[in-house]
Amino acid sequence: MQPALRPVRSGPEGRRPLPRSAARPAALPVAGGSPHRDRAGLVLSIEGLSLAFGGTVAFAEIDLAVGAGEIHAVIGPNGAGKSSLINAVTGLYAPQAGRVRIGAEAFARVPAGRLAALGVARTFQNLALFAGLSVRDNVLSGLAAARRAGLGAQILGLPAARREALAHRDAAEAVIGRLGLGAVADRPAGRLPYGLQKRVELGRALVARPRLLLLDEPMAGMTATEKAEMTGFIRAARETSGAAIVLIEHDIGVVMRLSDRVTVLDHGRRIATGTPAQVQADPAVIAAYLGLADEDADAEAA
Amino acid sequence: MDALPLAAPRPRPSAGVLGLAALLVLAYGIVPLTGTSYLFEALLTPFLALALAGLGLNLLTGYAGLLSLGSAAFMAVGAYAAFNLSLRLPFLPLPAAILLGGLVAALAGLVAGLPALRLRGFYLAVSTLAVQFFVAWALNRIGWISNDSPSGIITAPGLVVAGLSFDDPRGRYLFSLSVVTLLTVLAWRLVASPTGRNLVAIRDNETAARLVGVKVARTKLLAFAVSSFVIGIAGALWAFAYLRTVEPAGFNLDRSFQILFIVIIGGLGTLRGAFLGAGFIAVLPLLLSRLGAAVLGDGFDSGTLEMVQRMVLGALIVAVLIREPAGLAALLDRAGRRLGRRAA
Ligand SMILES: Nc1ncnc2c1ncn2[C@@H]1O[C@H](COP(=O)(O)OP(=O)(O)OP(=O)(O)O)[C@@H](O)[C@H]1O
Ligand SMILES: [Mg+2]
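All values derive from a computational prediction rather than experimental measurement.

(A) A look at the overall build of chain B. Along chain B, the regular secondary structure elements total 13 helices and four strands. Radius of gyration (C-alpha) of chain B: 20 Å, near the 20 Å computed for a compact globule of 344 residues. If one aligns the C-alpha atoms of chain B with their principal axes, the spans along those axes are about 55 × 50 × 40 Å. Across the 344 residues that make up chain B, the buried fraction comes to 50%. Taking all contacts inside chain B whose residues are at least 6 apart in sequence as the whole, residues at least 24 apart take part in 78%. For chain B, the computed accessible surface area is about 16300 Å², with 69% contributed by carbon and sulfur atoms. Separation between the mean location of the 26 positive side-chain charges and that of the 14 negative ones in chain B comes to 13 Å.

(B) Inspection of the pairing of strand β10 (residues 269-274) of chain A at higher detail. Residue and element names in this part refer to chain A. Most of β10 sits out of view: six of its six residues are buried. In terms of strand pairing, strand β9 (residues 261-266) meets β10 through five bridges, oriented antiparallel. By the bridge assignment for β10, Asp266 is matched with Arg269. Hairpin connection between β9 and β10: a loop of two residues separates the two successive antiparallel strands, and His267 in this loop has a positive phi of roughly 50°.

(C) Fine view of the pattern of salt bridges. Considering all chains together, one arrives at 16 salt bridges over all chains under this definition. A salt bridge links B:Arg172 to B:Glu41; the shortest N-O distance between them is 3.3 Å. Remark: B:Glu41 occurs in helix α2 (residues 37-63) and B:Arg172 occurs in helix α6 (residues 169-192); sequence separation between them is 131 residues. Linked by salt bridges that have partners in common, A:Arg136, A:Glu173 and A:Asp186 make up one network.

(D) Looking closely at the site of ligand 1. Residue and element names in this part refer to chain A. Residues in contact with ligand 1 amount to 15 residues; listed here are only the nearest, Asn78, Lys82, Ser83, Ser84 and Gln125. The separation between an oxygen atom of ligand 1 and a polar side-chain atom of Ser84 is 2.6 Å. Contact between ligand 1 and His250: an oxygen atom at 2.8 Å from a side-chain N or O atom of the residue. For ligand 1, the accessible surface in isolation is 630 Å², of which the surrounding protein chains cover 65%. Take the shell around ligand 1: its biggest share by element is three residues, from helix α2 (residues 82-89).

(E) Representation of the coordination of the magnesium ion (ligand 2). Only A:Ser83 (OG) and A:Gln125 (OE1) from the protein reach the magnesium ion (ligand 2) as donors, at distances of 1.9 to 2.1 Å. Within this pair, whereas A:Ser83 is found in helix α2, its partner A:Gln125 is found in the loop between β6 (120-122) and α3 (135-141), the two being separated by 42 residues in sequence.

(F) Main features of unusual backbone geometry. All names here are of chain A. A positive phi angle, close to 50°, is found at Glu61, a residue other than glycine. With respect to the helices and strands, the residue Glu61 is situated in strand β2 (residues 56-67). For Glu61, a relative accessible area of 16% translates into the label buried. Positive phi outside glycine occurs at His267, with the angle close to 50°. For His267, the position within the fold is in the loop between β9 and β10. Looking at His267, the relative accessible area reads 60%, which means it is exposed.

(G) The arrangement of α2(A) in detail. In terms of residue burial, α2(A) counts as a mostly covered element, since eight of its eight residues are buried. At the exit of α2(A) stands A:Gly91, carrying a positive phi of roughly 80°.

(H) The sheet that holds β10(A), seen in detail. All names here are of chain A. The strand order across the open sheet built from six strands is β6-β7-β8-β3-β9-β10, with neighbouring strands paired in mixed fashion. A strand with exactly one partner marks an edge of an open sheet, and here the two such strands are β6 and β10. Here the average twist between neighbouring strands, direction ignored, is 15°. Here strand β3 (residues 71-75) runs beside β9; their pairing, made up of four bridges, is parallel. Looking at β9, one finds that His72 is bridged to Arg261. Sheet strands in contact with helix α6 (residues 194-206) are β6 and β7 (212-216), and its direction is about 165° off that of β7.

(I) How the structure looks around the interface of chain B and chain A. Taken together, the 26 residues of chain B in the interface contact 31 residues of chain A. When chain B packs against chain A, close to 2300 Å² is buried across both sides, 67% of that on carbon and sulfur atoms. Our count for the contact surface shared by chain B and chain A stands at one salt bridge. At the junction of chain B and chain A, the tally comes to seven residue pairs in polar contact (both at pLDDT 80 or more). Those elements that place two or more of their residues in the side of chain B that touches chain A are α6, α7 (194-204) and α8 (206-211) of chain B. Ranked by residue count, the leading element in the side of chain B that touches chain A is α7(B), at eight residues. Tallied by class, the residues present in the side of chain B that touches chain A amount to 14 nonpolar, six polar and six charged.

Criteria and thresholds
- Residues numbered from 1 in each chain as written.
- Chains lettered and ligands numbered in written order.
- Predicted model: local features only at pLDDT ≥ 70, side-chain atom pairs only at ≥ 80, totals over all residues.
- Heavy atoms only, no water.
- Helix = DSSP H or I, 4+ residues; strand = E, 2+ residues; numbered from the N terminus.
- Rg over C-alpha atoms; globule rule 2.2 N^0.38 Å.
- Buried < 20%, exposed > 50% of the residue type's maximum accessible area, 1.4 Å probe, protein only.
- Contact = heavy atoms within 4.5 Å.
- Areas by Shrake-Rupley, 256 points an atom, 1.4 Å probe, with all protein chains shown as cover.
- Lys, Arg positive; Asp, Glu negative; His and termini not counted.
- Charge placed at Lys NZ, Arg CZ, Asp CG, Glu CD.
- Pairing = 2+ DSSP bridges.
- Salt bridge = Lys/Arg side-chain N within 4 Å of Asp/Glu carboxyl O.
- Near = heavy atom within 4 Å.
- Polar contact = N/O pair within 3.5 Å; in protein donor to acceptor, adjacent residues only side chain to side chain.
- Donors = N, O, S within 2.8 Å, 3.2 Å for Na, K, Ca; no water.
- Axes fitted to C-alpha atoms, helices over the stretch in contact; angles between N-to-C directions.
- Buried area = accessible area lost by both parts, 1.4 Å probe.
- Nonpolar A, V, L, I, M, F, W, Y, C, P; charged D, E, K, R; others polar.

Here it is, written out as structure tokens:
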């Protein structure tokens, strides 16, 4: 895997002429973005991150910065490396180079087991629910890292454990209510229709009130109505908790409506970062999408 | 259920709670008064011990999704540890010896669970199989464990608790029933607790469980320890209350498979599955042999009868699992729902 990466590392910026908006995002003017562009205010900062599987480069030399309250979309064609990037940020993949800063801490490899404690939550492109647990229990499990009561206290029902269970239950009920899952709260999550399962996953991620929320195609395979609802949920999540949100999404219309900034990946390289309008007008992006972005934008305008 | 069954406002006791109460009245009130020695000795006491072992294995395999073929080994550890503790520390009351025996089994489970941090599925099952063989080997080779008895068979101490003797068929049944009831309540509290939720989370999606903050390694070891504790106590019941001897043959690989069958046929990941499965596996052969004797007459060759019995049992297991892969518990649920609909 090393040889495959070396050429990438030796010529980070020089290999492919990057469009102007693809300069290091931390140095970009604030135009249209979140107000927190200085490093201190960043919730997530990915710096020169590279990952290859054997000879396959998943992504290389990725820079990306997300501030509190910002919705940052990551788009790109299939296989561009979007999911791999999120998997690396959540510690499921070990990148070969670069760092990930979450809040004040920097990692060469993010410890997956500490992620929730760091205030990070995510959803998965392919559902990763606890199929045998009820919807309520799935949402409750999002609070696993916040649990303090020991096993003995839980089994004996000691006051501290009961208070905690009650508080967690209230938090879960609130999320279930907000996401309109009340009617199915007692059903096993695995038996729900796909769109609802996606929603349960969002609930499991939201219940811990994360500072950083990573959503991998939360609307894939949804109907237009479901997409509109999900868009509303994501926007509301930003409004209520001020979380930084990284959103992978293929629907350009949704991306344009929802995000503050957009990063475009193509073949594992970042080819553009900027506001939705900037990115949409970027020739490199248009080339990567073979004009798809253009048509979508027209459809949007119409 | 949550962790607060007492505090949570409940509209009215559900059918499940009423059924459970009825079952306890039956088990504690009616059966001891009307049952025969044969019922206690040949049916109910072994049923209870096997159900408890199934309950323990279900915590590990059904809830946490960790496959084990070493149940009989943990039963043996529990039984032999309880035996040695009561033999060598005569001042120890019997319940304490059994409890400590369970704790020794839990410790063994903890060690046996270490490979689970690396292995899963089939490979984990093979590593628990190694535990099974190791324990069988140790029982045969280390005479001290069976108090240097030449046959390896030792007589279990009598069931006396606080001066009260439980040393008759009905007493042994009541003793087993009490232990099983207590541990079932604890297991129910466990699976209803946040920790129980974590067990299922690891089973259903280990990656997601880790990311939401479940301590995966710790929880897996806990599952092994708690499961082995329960199975160890089931082993002590098997030896002390049912066989009244402690012998390696009672804890061989066949027993491990039997307990796995109990869990699978009863229903993985449900507490009542262990009881349904144990009922099926323990009671059915007896019924079948009685039926065989009645139909074919006493002169029938007992070896053939046993073989026919096994085949019928196997066919029934396959039939149940084809009809309902989630086991008898799910079958019963469905029947219950159908009845409810008809009544409504
Ligand atoms: N676990 C893995 N092992 C080997 N190769 C992988 C692995 N995960 C991803 N890849 C490869 O990395 C590249 C990027 O894949 P990734 O899933 O990140 O793309 P993506 O942008 O999320 O695509 P999509 O839009 O289809 O979800 C692909 O070539 C993929 O085959
Ligand atoms: Mg993807």
